[in-house]
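# An overview of the molecular structure
As a plain string of letters, each chain reads:
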Amino acid sequence: MYQWRKFEFFEEKYGGKIPEDVTGEIQCCSSGRGKVVIGSSDGSVSFLDRGIKFDSGFQAHFSSVLFLQHLKQRNFLVTVGEDEQISPQQSGMCLKVFDLDKAQEESTSSSAPECIGILRIFTNQFPEAKITSFLVLEEVPPILLIAIGLDNGCIYCVKGDIARERITRFKLQVDGVSDKRQTPITGLGFRLDGLSLLLFAVTPDSVNSFAMQTQPPRVQTLDHIGSGVNTVTMSDRSELIVGRPEAVYFYEVDGRGPCWAFEGEKKFMGWFRGYLLCVIADPKTGTNVFNVYDLRNRLIAYSLVVDKVSNMLCEWGNVILITADKSLLCVAEKDMESKLDMLFKKNLYTVAINLVQSQHADAAATANVMRKYGDHLYGKQDYDEAMSQYINTIGHLEPSFVIQKFLDAQRIYNLTNYLEKLHEKGLASKDHTTLLLNCYTKLKDVEKLNTFIRKEDGIGELKFDVETAIRVCRAANYHEHAMYVAKKAGKHEWYLKILLEDLGNYDEALQYISSLEPSQAGVTIKEYGKILIEHKPKEAIDILMRLCTEQGTSNGVYLSMLPSPVDFINVFVQHPHSLMDFLERYAEIVKDSPAQAEINNTLLELYLSKDLNFPSISLSENGLDQNFTDQSVAAAMSKTGSGKKKISDSNDTIEKDCLERQQKGLELLKLGWPSDQEQPLYDVDLAIILCEMNSFKEGLLYLYEKMKLYKEVIACYMQNHDHEGLIACCKKLGDSGKGGDPSLWADLLKYFGEIGEDCTKEVKEVLTYIERDDILPPIIVLQTLAKNPCLTLSVIKDYIARKLEQESKIIEEDRRAVEKYQETTKNMRKEIEDLRTNARIFQLSKCTACTFTLDIPAVHFMCMHSFHQRCLGDNETECPECAPEYRSVVEMKRSLEQNSKDQALFFQQVKSSKDGFSVIAEYFGKGIISKTSD
């Protein structure tokens with residue numbers, strides 16, 4: 001006992017004399033429901049409140065209250081005391097049950113509670129003996145189980161509802177008790193474990209248990225050594241505790257458990273919040289010492305010298321000691337903070353840790369104690385032990401507090417240990433991962449690095465920040481570890497970055513990309529395709545082909561679901577030849593790609609660009625495609641020779657390549673615009689711009705011709721002064737019979753008129769077609785050619801002579817037509833005048849309709865046709881013979897008048913006619929536009 005440390009974890013709250021209202025000698029005490037109940041020798045029961053002041057009292061028994069117990073579940077008080085004897089043969093010992101919530105119905109001034117049950121303890125079947133112990137167990141209300149221990153080793157049990165007198169009484173006998181030797185029951189205890197109920201019974205010579213669930217109850221002797229009165233109690237885990245002079249013993253269901261060697265005669269024993277309470281007689285000093293034992297932490301939480309204790313109980317969170325001289329002392333446990341401060345001042349950190357753990361303090365409080373212990377050890381330079389304490393604070397203490405203390409290089413092992421534990425608990429941040437990996441690399445501890453990186457090989461996710469680990473391993477040149485982490489975490493970009501940028505292992509990178517899912521492979525090739533195209537163009541293009549086409553896929557995949565080659569164009573920025581190769585291969589396989597127009601546009605740009613490989617011939621700028629460089633320029637530069645020869649050879653190669661590409665471009669322009677399609681499979685405007693920028697005449701002419709921009713076509717020939725090509729183009733495009741534009745000959749004549757050089761041969765040929773199709777009046781031809789000072793009149797002499805002769809013939813024909821129309825008009829006017837002024841004689845003798853002899857009634861028309869009236873229809877006023885011709889003339893006139901209002905038709909006829917003036921004259925001649933309005 002004296003080897004245990006003593007502490008002041010309890011303190012005296014208050015003490016003093018019990019109020020004088022409590023009369024008689026104190027025989028028994030109980031507590032519960034916030035009050036202390038005292039039974040006196042005069043039969044009275046008194047209640048004390050929290051301030052140890054008298055609250056109430058009543059007369060429970062006539063003579064003396066020997067035992068009492070205040071129940072917890074119901075506000076009942078069960079007492080055992082002496083009352084008046086009814087007869088000399090019958091004992092006055094009674095058991096009473098009081099309902100403290102009900103007062104007596106009698107109209108008395110007393111506030112005594114109602115006694116709801118009285119039971120005579122001793123009867124003929126239950127002989128009288130001295131009562132030595134008493135205990136009540138509350139079962140399911142209103143059932144009570146009352147055990148009364150006697151000095152003869154018997155236990156009288158009462159079970160049932162005493163208020164309704166529905167009870168069962170039975171007797172238990174402790175083994176080994178004979179009539180010759182009386183063995184009292186010094187202590188009782190109930191243990192309720194599920195459905196099993198156990199009653200412990202202690203005598204000076206034995207410890208016994210009764211299995212109450214069996215009938216009759218089965219007795220078992222747990223020990224052959226017992227104890228005296230007041231030295232038996234129960235722990236909060238329903239363990240029986242027995243105090244003997246040499247030690248304190250604990251008993252379980254099956255026998256004796258642990259024992260604690262606390263020497264000295266035990267006067268009183270109790271249990272309070274996990275503490276063992278003992279009043280022990282000290283043989284050395286002859287005094288009584290009240291000790292509070294913390295058995296789990298092996299310390300004495302409190303020790304106090306007291307007078308003779310008559311009762312011990314617990315209420316209000318205090319331990320209450322009542323002495324024989326009716327004094328009372330309350331001892332209360334200090335709060336946790338006070339106890340810890342006391343231990344910290346004495347540097348008893350181990351005790352403090354055990355204390356908070358035993359009292360089930362929260363994790364934060366425990367971690368705080370460990371932190372202080374760690375600080376204490378750190379101050380003593382015991383870094384290993386300090387770190388072990390700091391590790392226990394993980395999750396509650398900010399890691400930076402610990403890390404800052406161990407940043408010194410000499411403590412790197414401790415820091416590494418802490419960071420490892422931090423990662424194991426999943427509480428590490430990116431910075432912690434960086435620091436831990438740096439520690440491994442500084443220590444060059446490859447084994448630990450392997451363990452950290454690969455410890456969860458194939459199991460779940462990694463418990464550290466992946467990108468941080470990769471960066472640190474790369475910086476320390478642990479590329480294999482970085483690659484392992486990247487691959488395990490599915491960080492394909494990082495894996496390829498290490499392979500390509502750090503290791504230059506292009507073959508493995510290509511294999512890795514090939515093993516990925518198509519979607520992921522597409523992402524990675526966009527990221528690192530430039531490097532792969534630079535070093536492994538053929539293999540990289542093969543991968544792109546597999547991604548963009550159905551090659552290599554096991555199931556049918558629609559083209560719309562596959563990535564487009566356009567998405568990967570950016571990886572070919574410095575390698576246009578490779579891009580051209582890729583797009584050409586794709587176009588050969590896929591004919592109906594959704595991105596066909598974009599692909600063709602890109603190919604056109606590559607085909608028509610003059611400086612595809614050589615933005616600058618200087619190798620320092622290195623704009624060359626790798627394949628082409630290996631085959632041409634690099635080989636040429638490696639040879640000895642003059643600089644001029646090198647440049648000449650390079651220029652020849654460039655020119656040859658340019659011509660080949662332009663030929664491919666022209667072929668693409670033609671294939672991309674089939675004759676049966678209105679729109680081509682490329683951007684026409686872009687194609688024209690590219691042809692103009694790169695002076696690609698063939699392509700430009702083809703596009704203009706397809707777009708029917710014939711004037712732009714001949715403009716190209718005019719710019720190049722290609723007279724033969726110009727005339728040939730006009731022959732092809734200026735034939736109106738084949739859908740051409742005859743006005744091209746006029747533009748061509750204008751060109752020769754303004755060219756300022758002798759082009760007699762060409763002009764004569766042009767005039768032939770102009771004369772054939774009558775495209776221009778002679779006057780316009782003369783005015784146009786007059787601008788060229790190099791042309792003489794002999795160029796157009798024959799043309800003018802033919803035109804004059806032709807015009808003379810036309811004039812003569814027109815003159816004869818005019819005379820004819822004048823003669824006809826004159827006859828018509830004469831006939832009209834005759835009809836107006838002279839009578840018309842009808843001499844026709846036959847009907848025009850039926851050709852029979854004309855008889856009356858007959859109808860004669862001014863047109864000299866006669867009809868039987870019966871041969872005409874009803875209400876017919878026009879000559880049936882002449883009416884159709886008249887109506888056609890009227891309809892023609894109406895149509896002409898209507899057409900005169902259609903200006904669009906008029907201008908279209910003027911524009912499309914070879915001689916617009918003749919159209920206007922015709923309109924005037926027909927009187928359509930000769931009328932004027934006011």
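Residues numbered from 1 in each chain as written. Predicted model: local features only at pLDDT ≥ 70, side-chain atom pairs only at ≥ 80, totals over all residues. Heavy atoms only, no water.

### Things to note about the overall build of the protein chain
Worth spelling out the cut-off: A run of H or I in DSSP becomes a helix once it reaches four residues, and a run of E becomes a strand once it reaches two; helices and strands are each numbered from the N terminus. The rule is simple: take the accessible area with a 1.4 Å probe, protein chains only, and divide by the maximum for that residue type; under 20% is buried, over 50% is exposed, in between is partly exposed. Here, two residues are considered to be in contact whenever any of their heavy atoms come within 4.5 Å of each other. Charged residues are defined here as Lys and Arg on the positive side and Asp and Glu on the negative side; His and the ends of the chain fall outside this count. By convention, charge coordinates are those of NZ in Lys, CZ in Arg, CG in Asp, or CD in Glu.
Regarding its fold elements, the protein chain presents 29 helices and 31 strands. Burial status across the protein chain gives 45% buried among its 934 residues. Within the protein chain, counting contacts between residues at least 6 apart in sequence, those at least 24 apart form 47% of the total. Looking at charge distribution, the protein chain has the averaged site of its 108 positive side-chain charges lying 2 Å from that of its 134 negative ones.

### Comments concerning the pattern of salt bridges
The test is simple: Salt bridges are defined by distance alone: a side-chain nitrogen of Lys or Arg within 4 Å of a carboxyl oxygen of Asp or Glu.
Within this structure, the stated rule accounts for 25 salt bridges. For lysine 538, the salt bridge goes to aspartate 542, with nearest N and O atoms at 3.6 Å. Of this pair, lysine 538 and aspartate 542 both sit in helix H14 (residues 537-548), 4 residues apart, which is roughly one turn of that helix. On the basis of relative accessibility, which here comes to 56%, the residue lysine 538 falls in the exposed class. Its salt-bridge partner being arginine 585, residue aspartate 542 comes within 3.0 Å of it at the nearest N-O pair. Of this pair, aspartate 542 sits in helix H14 while arginine 585 sits in helix H15 (residues 576-589), and the two are 43 residues apart along the sequence. Taking relative accessible area as the criterion, aspartate 542 reaches 21% and is therefore assigned partly exposed.

### Brief notes about helix H6 (residues 412-424)
Rules: In this analysis, the expected span of each helix is defined as 1.5 Å times one less than the number of residues it contains.
End to end, H6 covers 18 Å across 13 residues, agreeing with the expected 18 Å (1.5 Å per residue, within 8%). Turning to H6, its buried residues are Ile412, Asn414, Leu415, Thr416, Tyr418, Leu419, Glu420, Leu422 and His423. Tucked inside the fold, the buried residues of H6 contact helix H4 (383-392), helix H5 (399-405), helix H7 (430-443) and helix H8 (446-454).

### Looking at a negative patch on the surface
Stated precisely, the cut-off is as follows: A patch consists of residues exposed above 30% relative accessible area that lack any salt bridge, with like charges linked at up to 9 Å and nonpolar side chains (Val, Leu, Ile, Met, Phe, Trp, Tyr) linked at up to 5 Å. Where accessible areas are quoted, they stem from the Shrake-Rupley method and a 1.4 Å probe; at the residue level, only the protein chains shown are allowed to cover.
Negative charge collects at one region of the surface, where Glu11, Asp335, Glu337 and Asp341 lie side by side. Judged by its relative accessible area of 34%, aspartate 341 is partly exposed.

### Thoughts on the pairing of strand E24 (residues 275-281)
Worth spelling out the cut-off: The pairing criterion is simple: DSSP has to find at least two bridges between the two strands.
Among the 7 residues of E24, 7 are classified as buried, and the element is accordingly described as predominantly covered. Judged from the 7 bridges that link them, strand E23 (residues 265-272) and E24 form a sheet pairing that is antiparallel. Bridge pairing links glycine 270 to leucine 277 in E24. What sits between E23 and E24 in their antiparallel hairpin is a turn of 2 residues, with arginine 273 showing a positive phi close to 50°. Note that E24 and strand E25 (residues 288-294) share 6 bridges and pair antiparallel. Across the sheet, residue valine 279 finds its bridge partner in E25, namely phenylalanine 290. Between the antiparallel neighbours E24 and E25 lie 6 residues, among them glycine 286 with a positive phi of about 75°.

### Focus: the packing of aromatic side chains
Describing an aromatic ring pair means giving the distance of the ring centres and the angle of the ring planes. Rule in force here: Any Phe, Tyr or Trp ring, taking Trp's six-membered ring, that has another such ring centre within 6.5 Å forms a pair; planes under 30 degrees apart are called stacked, those over 60 apart edge-to-face, and the others tilted.
Under the criterion given, the structure shown has 23 aromatic pairs. The interplanar angle of 15° and the centroid separation of 5.6 Å between the aromatic rings of phenylalanine 572 and phenylalanine 582 together place this pair among those described as stacked. You can see phenylalanine 572 sitting in the loop between H14 and H15 and its partner phenylalanine 582 sitting in helix H15, a full 10 residues away along the chain. Each of the two residues, phenylalanine 572 as well as phenylalanine 582, counts as buried. In textbook terms, an aromatic cluster arises when at least three aromatic residues are bridged by ring pairs, as seen for Tyr378, Tyr383, Tyr390, Phe401 and Phe406.

### With respect to a nonpolar patch on the surface
Together, Ile779, Ile780 and Leu782 line one region of the surface with nonpolar side chains, adding up to about 220 Å² of accessible area. Looking at the secondary structure, you find isoleucine 779 in helix H25 (residues 778-785).

### Some points on the environment of cysteine 658
In this fold, cysteine 658 is placed in helix H18 (residues 643-671). C-alpha separation for the pair cysteine 658 and lysine 610, spaced 48 residues apart in sequence, amounts to 5.9 Å.

### Thoughts on the sheet that holds strand E10 (residues 113-120)
Cut-off, in case you're wondering: For helices, the fitted axis covers only the stretch in contact; all axes are lines through C-alpha atoms, and the angles between them, taken along N-to-C directions, range from 0 to 180 degrees.
Judged by pairing direction, the sheet is antiparallel, and its 4 strands sit side by side in the order E7-E8-E9-E10 without closing on themselves. Sheet topology places strand E7 (64-70) and E10 at the edges, where each strand pairs with a single neighbour. Taken pair by pair, the neighbouring strands of this sheet meet at an average axis angle of 25°, ignoring direction. With 7 bridges joining them, strand E9 (residues 93-103) and E10 adopt antiparallel strand pairing. Its bridge partner being in E10, lysine 96 is matched across the sheet by isoleucine 118.

### Some remarks on unusual backbone geometry
Backbone torsion omega between proline 141 and proline 142 reads 5°, so that peptide bond is classified as cis. Take proline 142: it is sitting in the loop between strand E11 (131-138) and strand E12 (144-150). Omega for the peptide link from glutamine 215 to proline 216 comes to -5°, which places this bond in the cis form. With respect to the secondary-structure elements, proline 216 resides in the loop between strand E17 (207-211) and strand E18 (218-223). A positive phi is found at isoleucine 52, a non-glycine position, where the angle reads about 55°. Structurally, the position occupied by isoleucine 52 is in the loop between strand E5 (44-48) and strand E6 (54-59). Since its relative accessible area comes to 11%, isoleucine 52 is described here as buried. Its identity as a non-glycine residue notwithstanding, tryptophan 316 has a phi of 60°, on the positive side. As for its position among the elements, tryptophan 316 is in the loop between strand E27 (309-315) and strand E28 (318-323).

### Details of the packing of helix H2 (residues 349-358) against helix H3 (residues 363-379)
Heads up, the condition is: To sort the angles, those under 35 degrees are grouped as roughly parallel, those over 145 as roughly antiparallel, those from 65 to 115 as roughly perpendicular, and the leftovers as oblique. Polarity classes work like this: nonpolar for Ala, Val, Leu, Ile, Met, Phe, Trp, Tyr, Cys and Pro, charged for Asp, Glu, Lys and Arg, and polar for all others, with Gly in that last group.
Interhelical geometry of H2 versus H3 gives an angle of 170° and a closest axis separation of 9 Å. As the angle between them shows, H2 and H3 are arranged roughly antiparallel. Contacts from Tyr349, Thr350, Ala352, Ile353, Val356 and Gln357 of H2 reach H3 at Thr366, Val369, Met370, Lys372, Tyr373 and His376. Within the contact of H2 with H3, the residues separate by chemical class into 7 nonpolar, 4 polar and 1 charged.

### Re the confidence of the model for the protein chain
In plain terms, the rule: In predicted models, pLDDT denotes the confidence assigned by the predictor to each residue on a 0 to 100 scale.
Per-residue confidence for the protein chain gives a mean pLDDT of 82, with 90% of residues at or over 70. Predicted confidence is poor over residues 552-557, with pLDDT under 50, and the contacts of this stretch with residues over four places away or in other chains come to 2 contacts.

### Describing the sheet that holds strand E14 (residues 166-173)
Spatial ordering of the open sheet is given by E11-E12-E13-E14, a layout of 4 strands whose pairing is antiparallel. The strands lining the two open edges of the sheet, one partner per strand, are E11 and E14. In this sheet, adjacent strand axes meet at a mean angle of 15° when their direction is disregarded. Where E11 meets E12, 7 bridges bridge the pair, whose relative direction is antiparallel. The residue bridging phenylalanine 134 from the neighbouring strand is isoleucine 148, located in E12.

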